[in-house]
Amino acid sequence: GANDFQDFEVAGGAILSRGTPEWLAEYRTRVSTVMDILDQPGTRVTWVGQPVMRSDQLSQGMAQMNTIYADEALGRERITFLNTWDLFTDGSGAYSLYLADVDGDEKRMRQEDGIHLSIAGAERMARAVWVEVANDWTFAE
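Description of the structure in this document. Note that the coordinates shown come from a computational prediction; the quantities given were computed from them, not determined experimentally.

### Topic: a nonpolar patch on the surface
Here's step 1: A surface patch of nonpolar side chains, about 250 Å² in accessible area, is lined by Val34, Ile37 and Leu38.
Here's step 2: With respect to the helices and strands, Val34 occurs in helix 1 (residues 21–38).
Here's step 3: Note on Val34: relative accessible area 39%, which makes it partly exposed.

### So, helix 3 (residues 119–135)
Here's step 1: Relative to the 24 Å expected for 17 residues at 1.5 Å per residue, helix 3 spans 24 Å between its end C-alpha atoms, a close match to the ideal helical length.
Here's step 2: Of all the positions in helix 3, only Ala120, Gly121, Arg124, Met125 and Ala128 are classed as buried. For helix 3, the buried positions fall inside an angular range of 145° around the axis, keeping them on one side. Facing away from the buried side of helix 3, by more than 90 degrees, are the exposed residues Ile119 and Trp130.
Here's step 3: Packed against the buried residues of helix 3 are strand 3 (45–48), strand 4 (79–82), strand 5 (98–100) and strand 6 (106–108).

### Considering the packing of aromatic side chains
Here's step 1: Considering all chains together, one arrives at 6 aromatic pairs under this definition.
Here's step 2: Summarising the aromatic geometry, the rings of Tyr27 and Tyr69 are spaced 6.2 Å apart at their centres and angled 50° between planes, so their arrangement reads as tilted. Taken together, the residues Tyr27 in helix 1 and Tyr69 in helix 2 (residues 56–74) connect sequence positions 42 residues apart. Across the pair, Tyr69 and Tyr27 agree in class, each one buried.
Here's step 3: Taken together through their ring pairs, the aromatic side chains of Phe5, Phe8, Trp23, Tyr27, Trp47, Tyr69 and Phe81 make up a single cluster.
Here's step 4: Here Arg30 stacks its cationic end above the ring of Phe8, 4.1 Å away from the centre of that ring.
Here's step 5: Over the ring of Phe88 we find Arg110; its NZ or CZ atom is 5.2 Å from the centre of that ring.

### Some thoughts on the packing of helix 1 against helix 2
Here's step 1: Contact geometry of helix 1 with helix 2 gives a least axis separation of 10 Å together with a crossing angle of 40°. Judged by the inter-axis angle, helix 1 sits oblique to helix 2. You can see that helix 1 and helix 2 cross each other, and the crossing is right-handed. Contact with helix 1, carried on its side by Trp23, Leu24, Tyr27, Arg28, Val31, Ser32 and Met35, involves Gln64, Met65, Ile68, Tyr69, Asp71, Glu72 and Ala73 of helix 2 and no other residues of that element.
Here's step 2: Each residue belonging to the contact of helix 1 with helix 2 can be placed in one class, and the counts come to 9 nonpolar, 2 polar and 3 charged.

### Things to note about the pairing of strand 4
Here's step 1: Judged by which residues are buried, strand 4 turns out to be covered on both faces: Ile79 and Phe81 on one side and Thr80 and Leu82 on the other are all buried.
Here's step 2: Relative to strand 4, strand 3 runs parallel, the two being bridged by 4 bridges. Note that in strand 4 the partner of Thr46 across the bridge is Thr80.
Here's step 3: Remark: the strand 3/helix 2/strand 4 crossover connection has right-handed handedness.

### Remarks on helix 1
Here's step 1: Compared with the 26 Å implied by 1.5 Å per residue over 18 residues, the 26 Å span of helix 1 between its first and last C-alpha is a close match.
Here's step 2: Turning to helix 1, the residues buried within the fold contact strand 1 (8–9), strand 2 (15–16), strand 3, helix 2 and strand 4.

### Topic: the nonpolar core
Here's step 1: Within the largest apolar cluster, 28 residues are counted, with the highest numbers of intra-cluster contacts made by Trp23, Tyr27, Val31, Trp47, Met62, Met65 and Tyr69.
Here's step 2: Contributing elements (two or more residues each) for this core: helix 1, strand 3, helix 2, strand 4 and helix 3.
Here's step 3: The contacts of Tyr69, once residues within four sequence positions are left out, are Asp4, Tyr27, Val31, Met35, Trp47, Gly49, Gln50 and Phe81.

Conventions we followed
Here the residue numbers are simple positions, counted from 1 along each chain's written sequence. With pLDDT at 70 or above as the cut-off, local features in this predicted model cover only qualifying residues; side-chain atom pairs require 80 or more to be listed or tallied, and sums for whole chains, interfaces and linings still use all residues. With hydrogens and water excluded, all non-hydrogen atoms of the structure serve as input to the side-chain values. Like charges are joined within 9 Å and nonpolar side chains (Val, Leu, Ile, Met, Phe, Trp, Tyr) within 5 Å, but only among residues with over 30% relative accessible area and no salt bridge; these make up the patches. For every accessible area listed, the method is Shrake-Rupley and the probe measures 1.4 Å; residues are considered covered only by the protein chains on display. By salt bridge we mean one thing: a side-chain nitrogen of Lys or Arg within 4 Å of a carboxyl oxygen of Asp or Glu. Put simply, DSSP marks the helices as runs of H or I at least four residues long and the strands as runs of E at least two long, and each gets a number from the N terminus on. Accessibility here uses a 1.4 Å probe with only protein chains present; expressed as a share of the type maximum, an area under 20% marks a residue as buried, one over 50% as exposed, and anything in between as partly exposed. In this scheme, a helix's expected span is set at 1.5 Å multiplied by one less than its residue total. What the arc measures is the spread of directions leading from the helix axis to the C-beta atoms. Residue contacts follow a heavy-atom distance rule, with two residues in contact if any of their heavy atoms lie within 4.5 Å. In this analysis, rings of Phe, Tyr and Trp, with Trp reduced to its six-membered ring, are considered paired at centre separations within 6.5 Å, and the interplanar angle assigns stacked below 30 degrees, edge-to-face beyond 60, and tilted for intermediate values. Lysine NZ or arginine CZ positioned within 6 Å of the ring centre and within 35 degrees of the ring normal marks a charge as sitting over the ring. Axes, fitted as lines to C-alpha atoms, cover a helix only where it is in contact. Angles between the N-to-C directions of the axes lie from 0 to 180 degrees. Working rule for angles: under 35 degrees goes down as roughly parallel, over 145 as roughly antiparallel, 65 to 115 as roughly perpendicular, anything else as oblique. By definition, any crossing whose near helix is turned counterclockwise from its far helix by less than a right angle is left-handed, and any crossing with a clockwise turn is right-handed. Three classes are used: nonpolar for Ala, Val, Leu, Ile, Met, Phe, Trp, Tyr, Cys and Pro, charged for Asp, Glu, Lys and Arg, and polar for all others, with Gly counted as polar. Strand pairing is assigned whenever DSSP detects at least two bridges linking the two strands. Orient the strands so they point away from the viewer, and a crossover whose first-strand-to-second-strand path over the helix runs clockwise is right-handed. The definition of a nonpolar core used throughout is a set of buried Ala, Val, Leu, Ile, Met, Phe, Trp, Tyr and Cys residues joined through side-chain atoms within 4.5 Å.

Below, the structure is given as structure tokens:
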């Protein structure tokens, strides 16, 4: 999740600063390792990407992470990357606090922090995940 976009410690005690080339390389390695573990016969994984954030800096980090997720999922037949970025943008592709729900009513999609989803936002995300999972339901080895 979005909490992944923070500095982390690697073997030997070095701290990698979020978003640096070294951080991105290590993060890719970690995502790849997890995807390798999940990519097993008889399974299907939907890897849900990060949505746009209110903060430009955080959005940039989420976009970098989404690129890693999408790239790594491409090489694994049982893993699908679900891009959720556009679910929470306005018509011009910018972060939007309020968006129309399935009934066309404007609903608040995020909590005050501009990161966490509101109930309406979580419902919007869950619908997108369900559509992806339902489309993939008939997968067979």
